[in-house]
Amino acid sequence: MFLVVANWKMNGNAKLAEQFNASLKTNPKAEAVICPPFHLINSIKGKRGAQNCHHSHDGAHTGEISVHMLKELGAKYVILGHSERREAGETSAQVARKAEAALKAGLKVILCIGEKEGEDIDVVVAEQLKASLPGSKDNITIAYEPVWAIGSGRTPSHKEIEEAHALINRLSGLKVIYGGSVKAENAGEISRIKGVNGLLVGGASLDINSFNAIITAI
Ligand code: PGA
């Protein structure tokens, strides 16, 4: 099933959650997963996910949240290794430990990778996959997000997206979704590129109408 993931980042409130609950459109071709900040996860009626987790079961880790706590909130998915977290110091080794804990707890993992502007995509993607993937790969989907496309309004060409997804699939054997400036206007065309198995949507998921337009464009 084509996956459409809403990553609210550190945005949204109870009112937005209510709007999603009241008006989220369905599309038989697409599965929507809403990933709000932690405190709103169990306010979402549909498929829910988180944007991070800790690798430990419990313990003295102030401000962190474990996979078991996410499961208590009804989360089915967790986004890991987002470039905004990597930028804040999260390493691929940490991402791998988190992914292992999440999979063990029965959560599905959306593992983000992608090159910065000017970096060699082949090198970065291979390195990040090698170091971020845990031993077991069941229930992992890779999100290819070129860092320069996130929140910038710029996207790679269709050919570049197709090539990047083919490369990642060849290296990992995993399904790949695309993220970076996806909006209602480009969601349909991007979703039809060969090897694109879903979309990870940031800014355009903060408004129910624009997210619905993405869902229905698939
Ligand atoms: P964007 O963010 O859609 O606002 O570019 C995507 C993401 O960071 O996952």
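Our subject is the structure that appears above.
Residues numbered from 1 in each chain as written. Predicted model: local features only at pLDDT ≥ 70, side-chain atom pairs only at ≥ 80, totals over all residues. Heavy atoms only, no water.

**Q** Which residues make up the overall build of the protein chain, and what are the values?
**A** If you tally the helices and strands in the protein chain, you get 8 helices and 8 strands. For 218 residues, the compact-globule estimate of 2.2 N^0.38 gives 17 Å, and the protein chain sits close to it at 16 Å. In terms of its C-alpha atoms, the protein chain occupies a principal-axis envelope of roughly 45 × 40 × 30 Å. With 218 residues in all, the protein chain has 52% of them scored as buried. Counting contacts in the protein chain only where the partners sit at least 6 residues apart, residues at least 24 apart contribute 70% of the total. Of the roughly 10,300 Å² that the protein chain leaves accessible, carbon and sulfur atoms contribute 49%. The distance from the centre of the 25 positive side-chain charges to the centre of the 23 negative ones in the protein chain is 7 Å. (Helix = DSSP H or I, 4+ residues; strand = E, 2+ residues; numbered from the N terminus. Rg over C-alpha atoms; globule rule 2.2 N^0.38 Å. Buried < 20%, exposed > 50% of the residue type's maximum accessible area, 1.4 Å probe, protein only. Contact = heavy atoms within 4.5 Å. Areas by Shrake-Rupley, 256 points an atom, 1.4 Å probe, with all protein chains shown as cover. Lys, Arg positive; Asp, Glu negative; His and termini not counted. Charge placed at Lys NZ, Arg CZ, Asp CG, Glu CD.)

**Q** Can you lay out the pairing of strand β7 (residues 176–179) for me, pointing to particular residues and giving the numbers?
**A** By the alternation rule, side chains of β7 split into V176 and Y178 and I177 and G179, which are all buried. Note that strand β6 (residues 140–144) and β7 share 3 bridges and pair parallel. Residue pairing across strands places Y144 opposite Y178, the latter belonging to β7. Taken together, the 2 bridges between β7 and strand β8 (residues 198–201) define a ladder with parallel strand orientation. Paired with Y178 across the bridge in β8 is L199. As a crossover connection, the stretch from β7 through helix α7 (residues 184–191) into β8 is right-handed. (Pairing = 2+ DSSP bridges. Right-handed = clockwise from strand over helix to strand, strands pointing away.)

**Q** How would you sum up the packing of aromatic side chains? Please name residues and give values.
**A** Taken as a whole and assessed by the stated rule, the structure comprises 3 aromatic pairs. A centroid spacing of 5.6 Å and a plane angle of 40° characterise the contact between F20 and F211, whose relative ring orientation is tilted. Residue F20 is located in helix α1 (residues 14–23), and its partner F211 is located in helix α8 (residues 208–217); the two are separated by 191 residues in the primary sequence. By relative accessible area, which is 0% here, F211 ends up buried. With a centroid separation of 6.4 Å and 55° between ring planes, the pair formed by Y144 and Y178 is classed as tilted. In this pair, Y144 sits in strand β6 while Y178 sits in strand β7, placing the two residues 34 residues apart along the sequence. A residue is classified by how much of its surface remains accessible, and Y144, at 2% relative accessible area, is buried. You can call Y178 buried: its relative accessible area is 0%. Feature note: the residues W8, F20 and F211 constitute an aromatic cluster, connected by ring pairs. (Phe/Tyr/Trp six-rings, centres within 6.5 Å; stacked < 30°, edge-to-face > 60°.)

**Q** So what's going on with α8? Residues and values would help.
**A** I208, F211, N212, I214 and I215 are the residues of α8 that are buried. The arc enclosing the buried residues of α8, seen along the axis, measures out at 155°, which places them on a common side. Against the buried residues of α8 lie β1 (2–7), α1, β2 (30–35), α7 and β8. One side-chain oxygen of the residue at the start of α8 lies 3.0 Å from the amide nitrogen of N209, identifying that residue as D207. (Arc of directions from axis to C-beta. Polar contact = N/O pair within 3.5 Å; in protein donor to acceptor, adjacent residues only side chain to side chain.)

**Q** Any details on the environment of E90? Residues and values, ideally.
**A** Assignment of secondary structure puts E90 in the loop between α3 (83–87) and α4 (92–104). E90 gets classed as buried once you look at its relative accessible area, which sits at 8%. Looking at E90, its side chain comes within polar contact range of the side chain of R85, at 2.9 Å. Here K98 takes part through its side chain, which lies 2.8 Å from a polar atom of the side chain of E90.

Structural measurements only, silent on function.
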